[in-house]
Amino acid sequence: MKVKLSEKLDSLDSLISELKRTSDEIGGIAVFVGAVRGTHGDERVVRLEYEAHETLAPKVIEKIIEDSRAKHGIIDAIVEHRVGPASVGEDVMYVLIASKRRREAFHALEEMVDRIKNEVPIWKKEITDKEAYWVESP
Amino acid sequence: MPTVKVRYFGRLRELLDVKTEEYKVKDSASIADLLLEYIPERHGEVSETWKETIFRTVKGEILLKKDGTPLLRNYLILVGGKSSHLGYELKEGDEIAVLPPFGGG
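Below is a summary of the structure that appears in this document. (Residues numbered from 1 in each chain as written. Chains lettered and ligands numbered in written order. Predicted model: local features only at pLDDT ≥ 70, side-chain atom pairs only at ≥ 80, totals over all residues. Heavy atoms only, no water.)

**Notes on the overall build of chain B**
What counts, and what does not: Secondary structure follows DSSP: runs of H or I at least 4 residues long count as helices, runs of E at least 2 residues long count as strands, and numbering of each begins at the N terminus. This radius of gyration counts C-alpha atoms alone. The globule rule is 2.2 Å times how many residues there are, raised to the power 0.38.
Along chain B, the regular secondary structure elements total three helices and seven strands. Overall, chain B shows an N-to-C arrangement of helices and strands of β-α-β-α-α-β-β-β-β-β. In terms of C-alpha radius of gyration, chain B reaches 13 Å, essentially the compact-globule figure of 13 Å for 105 residues. Its C-alpha atoms put chain B at 35 × 35 × 30 Å along the principal axes.

Here you go:
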């Protein structure tokens, strides 16, 4: 398991290799890449700014990964999330899930991304060509 | 007179224009006292916005539960990194964090 919050994400290639090395039982890796969308309604997005509770956020993500192991039987996972400013088109989050077979990885991936968005103390400010506002889960 | 440290994140950090600050509070002061009295008093220019941001209000008045405690919006209060509540009695050296609704990804 690896969880990292940083101004710079590691390369996806290196993360996939790292995950593969954790077990020879791995038969597939499902990957989610979150990127900065360039539009919000009819507004142009200029950039996003992320901040996180630097000690609590990794702990919550680790708990989510442990839950996923127990529920879906995944082998391992890596989650990386940006903090600080991010420009349009840049990657802001990687979630990689390794499992024996694809089905549990696909199920776990959607659930894990949803939980990261809703349960991890990370905040996002969206700056568009018209305004700036904090994006918060309902 | 315990001294406690308060950390703010996201829209609250921006509203108060500070990341962390310390408060010396009266003995037996609670988190509710901190949020309703000490912080608004120090940040008087944004005190109304502060209250309306973290508490549920109607026409500027904070809504109360049946037991009289104020009703928080979807905000989380941590003491020493663990979830706490408005009635918690502050102790010397406590670190309080006020977390707005999350929005990562």
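**Observations concerning the pattern of salt bridges**
If charged atoms from side chains of opposite charge come close, those side chains can pair. Put simply, the rule is: In the sections that follow, a salt bridge refers to a side-chain nitrogen of Lys or Arg positioned within 4 Å of a carboxyl oxygen of Asp or Glu. Relative accessible area decides the class of each residue, using a 1.4 Å probe on protein chains only: under 20% of the type maximum gives buried, over 50% gives exposed, and in between gives partly exposed.
This model, assessed by the stated rule, comprises 20 salt bridges over all chains. Put simply, Glu51(A) and Arg13(B) hold a salt bridge, and the shortest N to O gap is 2.5 Å. A residue pair is termed interchain when its members come from two chains, as with Glu51(A) in strand β4 (residues 43-52) and Arg13(B) in helix α1 (residues 10-16). You can call Glu51(A) buried: its relative accessible area is 15%. Where salt bridges share partners, they join Lys2(A), Lys4(A), Asp10(A), Glu18(A) and Glu80(A) into one cluster.

**So, the sheet that holds strand β1 (residues 3-8) of chain B**
Residue and element names in this part refer to chain B. So the rule is basically this: At least two bridges found by DSSP between two strands are what make those strands a pair. Should any heavy atoms of two residues lie within 4.5 Å, those residues are considered in contact. For helices, the fitted line uses only the C-alpha atoms of the stretch in contact; every axis is such a line through C-alpha atoms, and the angle between N-to-C directions lies from 0 to 180 degrees.
Reading across the sheet, the five strands line up as β2-β1-β7-β5-β6 and stay open at both edges, with mixed pairing between neighbours. Single-partner strands in this sheet number two, and they are β2 (20-24) and β6 (82-83). Inspection of the sheet shows strand β5 (residues 76-79) paired to β6 by two bridges, in the antiparallel sense. Looking across to β6, one finds that Leu 78 is bridged to Ser 83. Against the sheet, helix α2 (residues 31-42) engages β1, β2, β5 and β7 (95-99), with an angle of about 105° to β2.

**Observations concerning the nonpolar core**
Rules: In this description, a nonpolar core means a group of buried Ala, Val, Leu, Ile, Met, Phe, Trp, Tyr and Cys residues linked to one another through side-chain atoms lying within 4.5 Å.
Counting residues in each nonpolar core, the largest one holds 36 residues, and the members touching the most others are Val79(A), Val95(A), Ile97(A), Met112(A), Ile116(A), Val120(A) and Leu99(B). For this core, the secondary-structure elements that each account for two or more residues are β4, α2 (56-72), β5 (76-82), β7 (91-99), α3 (102-119) and β8 (122-128) of chain A together with β7 of chain B. Apart from residues lying up to four places away in sequence, Met112(A) is in contact with Ile64(A), Ile65(A), Ser68(A), Ile74(A), Ala77(A), Val79(A), Val95(A) and Ile97(A). One finds Ala29(B), Ile77(B), Ile96(B) and Val98(B) within the second-largest nonpolar core, a separate group that totals 28 residues.

**Overview of the packing of α2(B) against helix α3 (residues 47-54) of chain B**
All names here are of chain B. Worth spelling out the cut-off: Note on angle classes: values under 35 degrees are labelled roughly parallel, values over 145 roughly antiparallel, values of 65 to 115 roughly perpendicular, and the remainder oblique. Left-handed is the label given to a crossing in which the near helix is rotated counterclockwise from the far helix by less than a right angle, and right-handed is the label when the rotation is clockwise. When residue character is reported, Ala, Val, Leu, Ile, Met, Phe, Trp, Tyr, Cys and Pro are called nonpolar, Asp, Glu, Lys and Arg charged, and the others, Gly included, polar.
Packing of α2 against α3 leaves a shortest axis separation of 9 Å and a crossing angle of 150°. Our classification of the angle between α2 and α3 gives roughly antiparallel. Viewed along their axes, α2 and α3 form a crossing whose handedness is right-handed. Here Leu 35, Leu 36, Ile 39 and Pro 40 of α2 come into contact with α3, specifically with Ser 47, Trp 50, Lys 51 and Ile 54. Among the residues forming the contact of α2 with α3, the class breakdown is six nonpolar, one polar and one charged.

**Topic: the interface of chain B and chain A**
Worth spelling out the cut-off: Buried area: the accessible surface (1.4 Å probe) lost by two parts on joining, summed over both. N or O atoms within 3.5 Å of each other form a polar contact, as long as, within protein, one can give a hydrogen and the other can take it, and as long as residues adjacent in sequence are counted only when both atoms are side-chain atoms.
With 18 residues of chain B at the interface, the matching set in chain A holds 23 residues. Regarding the contact of chain B and chain A, the summed buried area is about 1700 Å², with carbon and sulfur atoms giving 49% of it. Taken together, the links from chain B to chain A amount to four salt bridges. Here Glu136(A) makes a salt bridge to Arg11(B), at a shortest N to O gap of 2.6 Å. Taken together, chain B and chain A are joined by 13 residue pairs in polar contact (both at pLDDT 80 or more). Mapped by element, the contributors of at least two residues to the side of chain B that touches chain A are α1 and β7 of chain B. Partitioning the side of chain B that touches chain A into residue classes produces eight nonpolar, six polar and four charged.

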